[in-house]
Amino acid sequence: KGLSAALSTRSVLLGAVAHRTQSRLRRMSIAAFFKPAASSSSSRTKRTREEEDDASSSRLLPPPQKLCAWNANSLLNRIEKDQSALSAFLTTESPDLILVSEVRMPAAGPPACKKDDKQPRRRGEMSKASAAQSREADAIASFLRAHNYRAYYTLSDSKYAGTALLVRRDRAQPDAATLRYTLDGVPGQHTSEGRVICCSFAEFDLLGTYSPNNGVSEASFAKRRAWDTECEAFLLAHNAAAAGKPLVWLGDLNVAAGWHDVGPDPDWFRNKNGQTALHADDKGQPGFTANEQTRFAALLKAGGLVDAYRQLHPTANWQTDVTWRGAPGINNPAEGRYYNKGMRIDYVLTSQSLVPRIKSAVVHGTGPERSGFLGSDHCPLIVELASASANEAKGAETKGGGATLEAPSNSVTVLANAPIASELSCQLPAATWA
């Protein structure tokens, strides 16, 4: 018995050491991504002449400052069915940068490839395997080109999930050498569902994600916990390696941060939905469980991040705050139970050092009929940053050149016994998102 117990203890200790080693290596790889790479002739030859020209001219353009997060619920559908509204929005608001969640276009791949067939994909390209797919891809490309946007994609096997980073062509483009599509920053790899885009601009690093829905099964809970663990590792590595360069994290993060970030009745979301979970803190509407909110608060802390919208709108008002709203249920009666209900689950999060530059934060949709949603079930959220030069000039006008910022209070009440992401990482195998 004594030998058995000793071997069992040794196994547990070795497992813990192995996990910590794996986590450390993962963070080191992420850290290497954020450290500026030394240029070499060999690396330069791998870039096309067009990329070289773009990089050269891009350095002369102003950096993106008007940042938008929007879940399109199919970019193709929005262009085909809601083109007038989308065009008007892009013309009027003209965001410098848009992180589009749920592009829902299949990635390019081998002939006759099918969903989940494990064949390699070119996830940065839309499929043109059929005449219909070619027509659809061309329609999207033509629309974006007409509105002066350049697109960077990460796509799944089918019309599911997928993310795009759209940057106006008259703004500085992301540093091509820093574009990554996984949370561990491995060059050339993408997540299988196209959920991550990260890159660097001159004034900040950017992480764009379409975070997976928590779902209602124990397997989906585990998938979301593993995702949050990977996000925590990314944020900690960025803080360790970025040498003070701020981070912007934006997208559909699929979690309502606080009790009043849903409406009209938070109790309905928490206690009338998702009640089959085994653990009490996993019960509730996906995106509004206690465990999700606790982990989200831990991620903000790990990254030293501030919720830009809540920074300027500290008093919660679900009618003006929510970015997702339910449908009337005309075509699907089951969806009608969410009519005139909403959740604030799309974000632009920034490092503390960018807080003085947050100029405005606007939710561009309202009402039960989803005015301003551009045909989607999510509306655009736009956060505009003041230019760095304008902010420096403003700071010079204050005594001593500026005030010391205090971390804003978080609207999430952290549950005393709820596990945070770093604790969960010890309970779960490392997730593979490539």
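Attention in this report is confined to the structure presented alongside it. (Residues numbered from 1 in each chain as written. Predicted model: local features only at pLDDT ≥ 70, side-chain atom pairs only at ≥ 80, totals over all residues. Heavy atoms only, no water.)

### Focus: helix α5 (residues 83-93)
For α5, the set of buried residues is L86, S87, F89 and L90. Seen from one end, α5 has its buried residues packed into an arc of 160 degrees, which puts them on one side. Among the exposed residues of α5, those pointing more than 90 degrees away from its buried face are S84, T91 and T92. Downstream of α5 by a residue or two, S94 has a phi angle that is positive, lying close to 45 degrees. (Buried < 20%, exposed > 50% of the residue type's maximum accessible area, 1.4 Å probe, protein only. Helix = DSSP H or I, 4+ residues; strand = E, 2+ residues; numbered from the N terminus. Arc of directions from axis to C-beta.)

### Observations concerning the state of the cysteines
Disulfide: a covalent bond connecting the sulfur atoms of a pair of cysteines. Inspection of the entire model under this criterion finds zero disulfides. Sulfur of C68: no disulfide; nearest cysteine sulfur belongs to C379 and is 9.2 Å away. (Disulfide = S-S within 2.5 Å.)

### Let's talk about the sheet that holds strand β14 (residues 346-351)
Spatial strand order, β7-β8-β9-β14-β11: five strands in an open sheet with mixed pairing. What marks the edges here is a single partner per strand, and that holds for β7 (196-200) and β11 (305-307). Across the sheet, the mean angle from the axis of one strand to that of its neighbour is 20 degrees, orientation sign disregarded. Direction of pairing for β7 relative to strand β8 (residues 205-210): antiparallel, over a ladder of five bridges. Residue pairing for β8: S200 is matched across the bridge by D205. Relative to the sheet, helix α7 (residues 218-241) contacts β7, β8, β9 (247-252) and β11, its axis offset from that of β9 by approximately 160 degrees. (Pairing = 2+ DSSP bridges. Axes fitted to C-alpha atoms, helices over the stretch in contact; angles between N-to-C directions. Contact = heavy atoms within 4.5 Å.)

### A closer look at the nonpolar core
Counting 30 residues, the largest nonpolar core has L97, L165, F204, L206 and L250 as its most contacted members. Within the residue set of this core, elements represented by two or more residues are β1 (66-71), β2 (97-101), β6 (163-168), β7, β9, α10 (308-312), β15 (358-363) and β16 (381-385). The contact partners of L206, leaving out residues within four places of it in the chain, are L97, L165, I197, C198, C199, F201, L247, V248 and L250. By size, the runner-up hydrophobic cluster in this structure holds 26 residues, among which are C68, W70, I79 and A107. (Core = buried A, V, L, I, M, F, W, Y, C linked by side-chain atoms within 4.5 Å.)

### With respect to the pattern of salt bridges
Within the structure shown, the criterion is met by 25 salt bridges. Taking the shortest distance from any N to any O, the salt bridge between K245 and D205 comes out at 3.6 Å. Residue K245 is located in the loop between α7 and β9, and its partner D205 is located in strand β8; the two are separated by 40 residues in the primary sequence. Two residues, R344 and D261, come together in a salt bridge whose shortest N-O distance is 2.9 Å. Within this pair, whereas R344 is found in the loop between β13 (342-343) and β14, its partner D261 is found in the loop between β9 and β10 (262-263), the two being separated by 83 residues in sequence. There is no split in this pair, since R344 and D261 are both buried. Linked by salt bridges that have partners in common, D261, D307, R310, D321 and R344 make up one network. (Salt bridge = Lys/Arg side-chain N within 4 Å of Asp/Glu carboxyl O.)

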